[in-house]
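Structure assessment
Chain by chain, the residues run as shown.
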Amino acid sequence: MNELLLSSPNKSHEKQALEYMQEHFSVGERDLHGASLLEKMPVYGDWLTHLKKTNNPRTADPDWVTASTFFAVRKADKKIVGIIDIRHYLNDFLKGYGGHIGYGVRPSERRKGYATEILRLGLEYCKTINLTHIMLACYKDNAASAKTIVKNGGIFEKEFEYTDGKTIQVYWVTL
Ligand SMILES: CC(C)(COP(=O)(O)OP(=O)(O)OC[C@H]1O[C@@H](n2cnc3c(N)ncnc32)[C@H](O)[C@@H]1OP(=O)(O)O)[C@@H](O)C(=O)NCCC(=O)NCCS
């Protein structure tokens, strides 16, 4: 696995960001994890505006919590291999399901240890915003995500049936 860095999305990422999204679509994944609605916004600049708004407690939409979204960029070739979204606190929705952090790795770069490293870097960022208890949730059948969480110190708290009938597991990392 090559070294990664977390990079705030900007205009220079546009072409790669669209390729990143397209790669998911090409394997039938319509929803991107940790991407703060990138796949729902046809205009990349609108997504950047949304991220900027959401990153500021004064401008964040009242239904959204303040959050920071980063591309995980491989240092060697500057390729975007994944994305992570870190919510600065939990609202009722996130307490029930989403947790503090969402993340994803592009299909062609999976099973190389990148999610584990992205979450590690994300937890380092959490320290800088004084988060000490991080809730992470995933579907029970998402073994890769559960392992990623446990490898980063996640302690299983509980599991429950979500509205879609699937089992969700909740983990906590203490920093
Ligand atoms: C979940 C996801 C982020 C994992 O990314 P990844 O880069 O492949 O993960 P890693 O390579 O760091 O692997 C982490 C662990 O999961 C295991 N793993 C990876 N893919 C797996 C799979 N399909 N089935 C079972 N285990 C898997 C790895 O072997 C590793 O465990 P190990 O160290 O014991 O070998 C990636 O599959 C993804 O983006 N999925 C879609 C989005 C998503 O589910 N996000 C999380 C939402 S909660």
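The rules behind these values
Residues numbered from 1 in each chain as written. Predicted model: local features only at pLDDT ≥ 70, side-chain atom pairs only at ≥ 80, totals over all residues. Helix = DSSP H or I, 4+ residues; strand = E, 2+ residues; numbered from the N terminus. Buried ≥ 20, exposed ≤ 12 C-beta atoms within 10 Å, placed from the backbone. Near = placed C-beta within 6 Å. Nonpolar A, V, L, I, M, F, W, Y, C, P; charged D, E, K, R; others polar. Pairing = 2+ DSSP bridges. Axes fitted to C-alpha atoms, helices over the stretch in contact; angles between N-to-C directions. Contact = placed C-beta atoms within 7 Å. Parallel < 35°, antiparallel > 145°, perpendicular 65-115°, else oblique. Left-handed = near helix turned anticlockwise from the far one by under 90°. Core = buried A, V, L, I, M, F, W, Y, C linked by C-beta atoms within 7 Å.

1. Re unusual backbone geometry
In the Ramachandran plot, Leu37 falls in the positive-phi region, its phi being about 75 degrees despite a non-glycine side chain. With respect to the helices and strands, the residue Leu37 is situated in the loop between helix 1 (14–26) and helix 2 (44–54). With 16 C-beta atoms packed within 10 Å, Leu37 lands in the partly exposed category. Residue Lys78 is not a glycine yet carries a positive backbone phi of 65 degrees.

2. Looking at the site of the ligand
In the region of the ligand, 18 residues are neighbours, and Arg110, Ala115, Thr116, Cys138 and Ala144 sit closest. Contributing elements (two or more residues each) for the shell around the ligand: strand 4 (101–105), helix 4 (114–128) and helix 5 (143–151). Of all the elements, helix 5 adds the most residues to the shell around the ligand, at five residues. A class-by-class count of the residues in the shell around the ligand yields seven nonpolar, seven polar and four charged.

3. Some points on the sheet that holds strand 7 (residues 167–174)
Strand order in this open sheet of three strands is 5-7-6, and the pairing throughout is antiparallel. The two strands at the open ends of the sheet, each matched to only one other strand, are strand 5 (133–139) and strand 6 (155–161). Mean inter-strand twist for the sheet, computed between neighbouring axes without regard to direction, equals 25 degrees. As paired elements, strand 6 and strand 7 share six bridges and run antiparallel to each other. The partner of Phe156 across the bridge, within strand 7, is Tyr171. Contacting strand 5 and strand 7, helix 5 crosses the sheet at an angle of about 160 degrees to strand 5.

4. Side note on the packing of helix 4 against helix 5
Close contact between helix 4 and helix 5 brings their axes to 9 Å; oriented N to C, the two are set at 45 degrees. Regarding the angle of helix 4 to helix 5, the classification is oblique. For the pair helix 4 and helix 5, the sense of crossing is right-handed. Here Ala115, Thr116 and Leu119 of helix 4 come into contact with helix 5, specifically with Ala144, Thr148 and Lys151. A per-class count over the contact of helix 4 with helix 5 returns three nonpolar, two polar and one charged.

5. Points about the sheet that holds strand 2 (residues 67–74)
Ordered in space as 1-2-3-4, the four strands form an open sheet in which the pairing is antiparallel. Sheet topology places strand 1 (4–7) and strand 4 at the edges, where each strand pairs with a single neighbour. Adjacent strand axes in the sheet meet at a mean angle of 20 degrees when their direction is disregarded. Pairing between strand 1 and strand 2: four bridges, direction antiparallel. Paired with Leu5 across the two strands is Val73, which belongs to strand 2.

6. What about the nonpolar core?
If you look at the biggest cluster of nonpolar residues, it comprises 36 residues, and the most contacted ones within it are Ala72, Ile84, Tyr103, Tyr114, Ile118, Ile134 and Leu136. Contributions of two or more residues to this core are made by helix 1, helix 2, strand 2, strand 3 (80–87), strand 4, helix 4, strand 5 and strand 7. Per-element accounting of this core gives the leading share, six residues, to helix 4. In contact with Tyr103, other than residues within four places in its own chain, are His33, Gly34, Gly82, Ile83, Ile84, Ala115, Ile118, Leu119 and Gly122.

Scope: geometric values only; no functional claims are made or implied.
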